Amino acid sequence: MMNHNDITNDPDPIEYTQDSVPSDADEAMGSEENVAITEAEETEETEEASERSRPSAEPGVLYIVATPIGNSRDMSPRGRAVLEECDIIAAEDTRRSMVLLNKLGIRNRLTSNHKFNEYGKAKHFINELSSGKSIAVITDAGTPCISDPGNELIKAAVEAGIKVVGVPGCCAAVTALSVSGFDLSSFLFYGFFPRENSDRKKLLEKIRRADTRTFAFYESPLRIMSLVDFFIENEADIRMCLCNDLTKLHEMCFRGTPEEVRQQLLAKGNYDKGEYCIIIEITEDYAFTKTEHTVSPEAMIMDAMVSGGLNIKDAVSAVLADPNNSYSKNELKAAAINMKKLIQ
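Residues numbered from 1 in each chain as written. Predicted model: local features only at pLDDT ≥ 70, side-chain atom pairs only at ≥ 80, totals over all residues. Heavy atoms only, no water.

A. The overall build of the protein, seen in detail. Along the protein, the regular secondary structure elements total 14 helices and ten strands. Counting over 344 residues, the protein shows a buried share of 45%. Sequence-distant contacts, at least 24 apart, represent 74% of the contacts inside the protein between residues at least 6 apart. (Helix = DSSP H or I, 4+ residues; strand = E, 2+ residues; numbered from the N terminus. Buried < 20%, exposed > 50% of the residue type's maximum accessible area, 1.4 Å probe, protein only. Contact = heavy atoms within 4.5 Å.)

So this is what it looks like as structure tokens:
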């Protein structure tokens, strides 16, 4: 019988060394060495790729392929077959993707498709697809378009009438949600948590007003403690599940209140390493109800009058149209009458 460690711990995990992980500058400008390698490979394999292309006038297929988030054993047989058989692989970062492709023994035409060039390259990819070639889009790890590039190309493909096929697999947010133990009857995914304190406060209030109680985020390891401290300083009544290095040999989950999670991170020591996916569940008492107000109706009307140069009647209409407003029309009208009395 297969041991649990045999299926969860990759004996030869995907490791991105300092040489293979790009710096911010590399991501923005690209690597000359990497460009030279990929262009050479493209030249060598042009003839082979052309032979694989369908001779018909029908357009190719755009495949959206999920890749492992740390354990190469999580690469699906179907995803591997698509990467082997497609004409072009469009990768978020070619150097990181080459680590996985080399590990899987896949040698194919590889080109970049990242946030700095996806707008400009979409037209090129559509031309390739229209000529009958098939393209597989992959990200550094996980499912493309989930806080990663790919959406622009998909939009262009849909508009051009090109078939788009998803090849499912790993997604860090979904994996973290599945092990959180929180209510998953509904949840919201917000991508990366804001960096600025003011933006964090706005999002926290938005979360408290949401119709669901469970939320998923990504966060940089360099900001993870800052985020936990933010929840503590703002007395956020939440439960947390911080997932670090999911699917890897030393993956960990930190669970509890923000205060408890902070102590667990400090006990770990090198908490500023690896990738984090954060799942939070707000308590019932901490969530704003529909009848709970944080600002008076008079204050909202006055703010609309001052900021928009409106009279009281138009300010009431403006507040009613505000998605952050929680007052009824009758409540705002009553507040407007009170304000008129005070003015007179």
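B. Layout of the packing of helix H9 (residues 197-209) against helix H10 (residues 224-233). Remark: H9 packs on H10, axes separated minimally by 11 Å, with the N-to-C direction vectors making an angle of 55 degrees. Comparing their axes, H10 and H9 come out oblique. The element H9 and its partner H10 pack so that their crossing is right-handed. Of the residues in H10, those touching H9 at Asn 197, Arg 200, Lys 201 and Leu 204 are Ser 226, Leu 227, Phe 230 and Phe 231. Counted by class, the contact of H9 with H10 contains four nonpolar, two polar and two charged residues. (Axes fitted to C-alpha atoms, helices over the stretch in contact; angles between N-to-C directions. Parallel < 35°, antiparallel > 145°, perpendicular 65-115°, else oblique. Left-handed = near helix turned anticlockwise from the far one by under 90°. Nonpolar A, V, L, I, M, F, W, Y, C, P; charged D, E, K, R; others polar.)

C. Summary view of the packing of aromatic side chains. Scanning all chains against the criterion turns up eight aromatic pairs. Measuring from ring centre to ring centre gives 4.8 Å for Phe 193 and Phe 217, while their planes differ by 65 degrees; the resulting arrangement is edge-to-face. Taken together, the residues span a long stretch of sequence, with Phe 193 in the loop between strand E6 (188-192) and H9 and Phe 217 in strand E7 (residues 214-219) at a distance of 24 residues. For Phe 217, a relative accessible area of 1% puts it in the buried group. The ring centre of Phe 230 lies 5.9 Å from the NZ or CZ of Arg 200, which sits over that ring. (Phe/Tyr/Trp six-rings, centres within 6.5 Å; stacked < 30°, edge-to-face > 60°. Lys NZ or Arg CZ within 6 Å of the ring centre and 35° of its normal.)

D. Looking closely at the sheet that holds strand E8 (residues 238-244). What the five strands build is an open sheet, ordered E6-E7-E10-E8-E9; its pairing is mixed. A strand with exactly one partner marks an edge of an open sheet, and here the two such strands are E6 and strand E9 (252-256). Averaged over all neighbouring strand pairs, the angle between strand axes comes to 15 degrees, with direction disregarded. Pairing geometry for E8 and strand E10 (residues 276-282), over seven bridges, is antiparallel. When the sheet's bridge partners are listed, Cys 243 is paired in E10 with Cys 277. Strands E6, E7 and E10 of the sheet are contacted by H9, whose axis makes an angle of about 155 degrees with E7. Sitting on the sheet, H10 touches E7, E8 and E10, and the angle it makes with E8 is about 175 degrees. (Pairing = 2+ DSSP bridges.)

E. Up close: helix H11 (residues 258-268). Of the positions making up H11, those classed as buried are Pro 258, Val 261 and Leu 265. Seen along its axis, H11 keeps its buried residues to an arc of 60 degrees; they face one direction. Where H11 is buried, its residues meet H10, E8, E9 and E10. A positive phi of about 95 degrees marks Gly 269, the residue just after H11. (Arc of directions from axis to C-beta.)

F. The side chain of Asn 244, seen in detail. Among the structural elements, Asn 244 can be located in strand E8. Using a relative accessible area of 1% as the deciding quantity, one classes Asn 244 as buried. At a separation of 3.1 Å, a polar atom in the side chain of Asn 244 contacts the main-chain carbonyl oxygen of Lys 273. With residues up to four places along the chain from it excluded, the contact list for Asn 244 reads Glu 251, Met 252, Phe 254, Lys 268, Lys 273, Gly 274, Glu 275 and Tyr 276. (Polar contact = N/O pair within 3.5 Å; in protein donor to acceptor, adjacent residues only side chain to side chain.)

G. Inspection of helix H4 (residues 77-85) at higher detail. Of the residues making up H4, those classed as buried are Gly 79, Val 82 and Leu 83. On an axial view of H4, the arc spanned by its buried residues comes to 95 degrees, and they lie on one face. Turned more than 90 degrees away from the buried face of H4, the exposed residues are Pro 77 and Glu 85. Those residues of H4 hidden inside the fold are in contact with strand E1 (61-65), strand E2 (88-91), helix H5 (94-104), strand E4 (135-138) and strand E5 (163-167).

H. Region of the structure containing the confidence of the model for the protein. Mean pLDDT over the protein works out to 83, with 81% of the residues at or above the 70 mark. Under a pLDDT of 50 for its full length, residues 1-8 has, in the predicted model, five contacts with residues more than four places off or in other chains. In the predicted structure, residues 16-55 sits below a pLDDT of 50 and forms 46 contacts with residues beyond four places in sequence or in another chain. (pLDDT = per-residue confidence, 0-100.)

I. Layout of the packing of helix H13 (residues 312-321) against helix H14 (residues 329-343). Contact geometry of H13 with H14 gives a least axis separation of 10 Å together with a crossing angle of 150 degrees. On the basis of their axis angle, the class for H13 and H14 is roughly antiparallel. By crossing handedness, the relation of H13 to H14 is classed as right-handed. Of H14, the residues touching H13 (which contributes Ile 312, Val 316, Val 319 and Leu 320) are Lys 329, Leu 332, Ala 336, Met 339, Lys 340 and Ile 343. Residues that form the contact of H13 with H14 fall into these classes: eight nonpolar, no polar and two charged.

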